[in-house]
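Here is what each chain is made of, one letter per residue.
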Amino acid sequence: MLRGIDVSSYQSTFDTDGLSFVFIKATEGRSYVNPRLAHQTKLARDGGCVVGFYHFLWPGNLTAQAEYFVSKAPEKAGDLLAVDWETTGDGTHASNAEKDRFIREVKRLRPDNRCLLYCNRDSWLHRDATSYAGDGLWIADYVTAGKPRIKAKWTFHQYTDHPHDKDVAAFDSESALRAWATP
């Protein structure tokens with residue numbers, strides 16, 4: 001399994017040694033852009049990692065959120081895009097239908113990039129009604145790396161958030177990940 005991390009503005013810097021991929025928070029809702037996005041993207045690219053960007057989804061205005069996300073996330077062949085589907089800071093969350101529409105809109109706007117769903121195990125098992133994850137499921141379940149407690153096929157697994165978010169990818173090699181990332 002390949003190792004990687006995901007970061008947001010809380011991580012001003014990170015070390016890419018031993019990593020094959022890095023997911024970076026790009027946007028949230030229709031107004032937030034990670035102020036460290038350019039710096040973190042450069043670190044990941046300079047480290048030779050496959051780079052992904054994610055959007056923290058809020059309920060409502062799905063088309064506007066998708067347009068905002070793709071306008072702010074760097075656009076490069078082989079980059080990954082993801083929607084972070086979880087409860088917001090004010091206790092709300094986008095519906096299952098909104099999550100599905102957002103992924104489809106991002107795929108329409110960026111047909112040359114893979115688009116994934118990120119969610120935790122509880123959301124996948126109890127809130128998701130369609131099992132639609134776009135091009136792949138990125139599941140958060142804090143257990144042994146590569147052994148999330150779900151039956152669905154997963155692409156990435158976030159297995160801990162200590163000392164930061166660590167992930168593994170279900171690919172045998174970095175070249176296999178790169179080939180998959182470029183549809």
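Residues numbered from 1 in each chain as written. Predicted model: local features only at pLDDT ≥ 70, side-chain atom pairs only at ≥ 80, totals over all residues. Heavy atoms only, no water.

**Q** Any chance you could explain the overall build of the protein here in plain terms?
**A** Counting its secondary structure elements, the protein contains five helices and nine strands. In terms of overall size, the protein behaves like a compact globule, its C-alpha atoms giving a radius of gyration of 15 Å where 183 residues would be expected to give roughly 16 Å. Each principal axis of the C-alpha distribution contributes one length, and for the protein these read about 40 × 35 × 30 Å. Counting all 183 residues of the protein, 52% fall into the buried class. Intrachain contacts of the protein at a sequence separation of at least 6 include 60% that bridge at least 24 residues. Working note: accessible area of the protein is about 8500 Å², and carbon and sulfur atoms make up 48% of it. Positive and negative charge centroids in the protein, built from 23 and 24 side chains respectively, lie 2 Å apart. (Helix = DSSP H or I, 4+ residues; strand = E, 2+ residues; numbered from the N terminus. Rg over C-alpha atoms; globule rule 2.2 N^0.38 Å. Buried < 20%, exposed > 50% of the residue type's maximum accessible area, 1.4 Å probe, protein only. Contact = heavy atoms within 4.5 Å. Areas by Shrake-Rupley, 256 points an atom, 1.4 Å probe, with all protein chains shown as cover. Lys, Arg positive; Asp, Glu negative; His and termini not counted. Charge placed at Lys NZ, Arg CZ, Asp CG, Glu CD.)

**Q** I'm lost on the packing of helix α2 (residues 62–72) against helix α3 (residues 96–109) in this one. Help?
**A** Packed helix pairs are specified by the crossing angle of their axes together with the interaxial distance, meaning the distance between the axes. Relative to each other, α2 and α3 sit at 45 degrees, their axes nearing to 9 Å. Here α2 is positioned oblique relative to α3, judged by the angle of their axes. Taken as a pair, α2 and α3 cross one another with a handedness that is right-handed. Residues Leu 62, Thr 63, Gln 65, Ala 66, Glu 67, Phe 69 and Val 70 of α2 lie in contact with α3, whose contacting residues are Glu 98, Arg 101, Phe 102, Glu 105, Val 106 and Leu 109. Its residues assigned to classes, the contact of α2 with α3 shows seven nonpolar, two polar and four charged. (Axes fitted to C-alpha atoms, helices over the stretch in contact; angles between N-to-C directions. Parallel < 35°, antiparallel > 145°, perpendicular 65-115°, else oblique. Left-handed = near helix turned anticlockwise from the far one by under 90°. Nonpolar A, V, L, I, M, F, W, Y, C, P; charged D, E, K, R; others polar.)

**Q** How do you make sense of the nonpolar core when you look at a structure like this?
**A** The nonpolar side chains of a soluble globular protein tend to be buried, and buried together. Of all hydrophobic cores here, the largest spans 38 residues; its most connected members are Val 22, Phe 53, Phe 69 and Leu 117. Looking at which element gives the most residues to this core, the answer is α2, with four residues. If near-sequence neighbours (up to four positions away) are discounted, Val 22 is found in contact with Ile 5, Val 7, Phe 14, Ala 44, Cys 49, Val 50, Val 51 and Gly 52. Listed in part, the 17 residues of the second largest apolar core include Leu 80, Ala 82, Ala 169 and Trp 180. (Core = buried A, V, L, I, M, F, W, Y, C linked by side-chain atoms within 4.5 Å.)

**Q** How should I be thinking about the pairing of strand β6 (residues 114–120) in this particular structure?
**A** Successive side chains on a regular strand alternate, one facing one side of the sheet and the next facing the other. Taking burial as the measure, the seven residues of β6 include six buried ones, the bulk of the element. Both strand β5 (residues 80–84) and β6 contribute to a ladder of five bridges, which runs parallel. Bridging across to β6, Ala 82 finds its partner in Leu 116. Each parallel crossover has a hand, and for β5 linked through α3 to β6 it is right-handed. For β6 and strand β7 (residues 136–140), the ladder comprises five bridges, and the chain directions are parallel. Its bridge partner lying in β7, Leu 116 is registered against Gly 136. (Pairing = 2+ DSSP bridges. Right-handed = clockwise from strand over helix to strand, strands pointing away.)

**Q** Sorry, what's going on with the packing of aromatic side chains here?
**A** Working definition: an aromatic ring pair is given by the centre-to-centre distance plus the angle between the planes. One pass over the structure, following the stated rule, counts nine aromatic pairs. On the basis of an interplanar angle of 75 degrees and a centroid distance of 6.0 Å, the ring pair of Phe 21 and Phe 23 is categorised as edge-to-face. Neither Phe 21 nor Phe 23 differs from the other in exposure class; each is buried. An aromatic cluster is present here, built from Phe 21, Phe 23, Tyr 54, Tyr 118, Trp 138, Phe 156, Phe 171 and Trp 180 joined pairwise through their rings. When the ring centre of Trp 85 is taken as origin, the NZ or CZ atom of Lys 99, which lies over that ring, is 5.2 Å away. Taking the ring centre of Trp 85 as reference, the NZ or CZ of Arg 127 above it sits at 4.4 Å. (Phe/Tyr/Trp six-rings, centres within 6.5 Å; stacked < 30°, edge-to-face > 60°. Lys NZ or Arg CZ within 6 Å of the ring centre and 35° of its normal.)

**Q** Help me understand the environment of Leu 125, please; the structure alone is not making it clear to me.
**A** If you trace the backbone, Leu 125 turns up in helix α4 (residues 121–127). Judged by its relative accessible area of 39%, Leu 125 falls in the partly exposed class. Residues Leu 125 and Lys 151, spaced 26 residues apart in sequence, show a C-alpha to C-alpha distance of 9.6 Å. Beyond its immediate chain neighbours, meaning those up to four positions away, Leu 125 contacts Arg 149 and Ile 150.

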